[in-house]
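Examining the three-dimensional arrangement
The residues making up each chain are set out below.
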Amino acid sequence: MKSLSPCRNFGGLGVAMLLFAIISVVACSKGKEGPVGPQGPQGPQGPIGTANVIYSDWFKPNTYTATTAFGTRYLSYEQNAPAITEDILNTGTVIVFGKLHGYNENIWPRQQISAMPITIMFMQANVMNIDNWTALVTVGKITIRLVNSTNTYITINNSHEFRYVIIPGGQGLGVVDPRLEMIQDQIKNGIQVDYRELAELANIPD
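Residues numbered from 1 in each chain as written. Predicted model: local features only at pLDDT ≥ 70, side-chain atom pairs only at ≥ 80, totals over all residues. Heavy atoms only, no water.

With respect to the side chain of Gln 79
Relative to the helices and strands, Gln 79 resides in strand 3 (residues 72-80). With a relative accessible area of 17%, Gln 79 lands in the buried category. Within the structure, Gln 79 has its side chain in polar contact with the side chain of Tyr 77 (distance 3.1 Å). The contacts of Gln 79, once residues within four sequence positions are left out, are Phe 59, Gly 140, Lys 141 and Ile 142. (Helix = DSSP H or I, 4+ residues; strand = E, 2+ residues; numbered from the N terminus. Buried < 20%, exposed > 50% of the residue type's maximum accessible area, 1.4 Å probe, protein only. Polar contact = N/O pair within 3.5 Å; in protein donor to acceptor, adjacent residues only side chain to side chain. Contact = heavy atoms within 4.5 Å.)

Right, dumping it as structure tokens:
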């Protein structure tokens with residue numbers, strides 16, 4: 001029995017397919033690598049990280065504890081703050097902010113947020129009153145304290161709100177934005193911190 005050649009079997013079509021296959025192999029063969037093109041323009045700088053900045057929710061003290069020492073009445077409230085560690089106190093910065101909405105809006109505007117300590121002066125019954133708000137920061141705790149110059153208060157309006165912000169410090173602890181380091185320096189030098197600026201830098205929601 002004769003064997004049939006595939007090309008003879010398909011005639012001209014077989015030759016055409018063979019030529020197409022050869023051309024395809026040549027076309028798909030990898031040629032010589034061309035020269036490296038010029039480097040493209042540099043993209044915009046990404047945002048500077050502030051991932052380790054910690055902030056609390058706003059909290060409202062329901063009741064304050066009254067104590068008297070040497071004729072001065074202190075009204076205090078203790079807030080648990082487990083994120084405040086000894087290492088944070090040694091190397092970082094803790095800022096406590098207040099929204100003192102318990103005052104008349106003429107004394108404290110609704111949109112105002114200030115870092116503590118806060119001093120407020122107002123007239124009441126033709127007598128000058130001075131309210132001094134402070135925040136004592138210790139490991140795991142923040143103590144909000146109010147002292148009035150005339151010992152007027154027995155209790156405090158519970159509309160006041162507070163929040164603390166922790167900026168870690170030291171090598172490798174996450175402060176990579178020089179603007180946050182400037183805010184830390186402001187606190188150390190007793191300069192009032194702009195809450196809105198800090199909130200924008202650290203992506204802190206209202």
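Let's pick the thread back up.
Notes on the sheet that holds strand 8 (residues 141-148)
Strands pair in a sheet through their backbones, by hydrogen bonds, and they do so in one of two ways: parallel or antiparallel. The strand order 2-3-8-7-6 describes an open sheet built from five strands, whose pairing is antiparallel. Since the sheet does not close on itself, it has two edges, and those belong to strand 2 (65-69) and strand 6 (118-124), each with one partner. With direction set aside, neighbouring strand axes in the sheet form an average angle of 25 degrees. Here seven bridges tie strand 6 to strand 7 (residues 127-138), and the two strands are oriented antiparallel to one another. Looking at strand 7, one finds that Ile 118 is bridged to Trp 133. (Pairing = 2+ DSSP bridges. Axes fitted to C-alpha atoms, helices over the stretch in contact; angles between N-to-C directions.)

Here's the deal with the pattern of salt bridges
Enumeration according to the criterion identifies one salt bridge in this entry. Between Glu 78 and Lys 141 there is a salt bridge, with its nearest N and O atoms 3.5 Å apart. Of this pair, Glu 78 sits in strand 3 while Lys 141 is found in strand 8, placing the two residues 63 residues apart along the sequence. Among the residues examined, Glu 78 registers a relative accessible area of 49% and is labelled partly exposed. (Salt bridge = Lys/Arg side-chain N within 4 Å of Asp/Glu carboxyl O.)

Distances and angles like these do not, on their own, reveal function.
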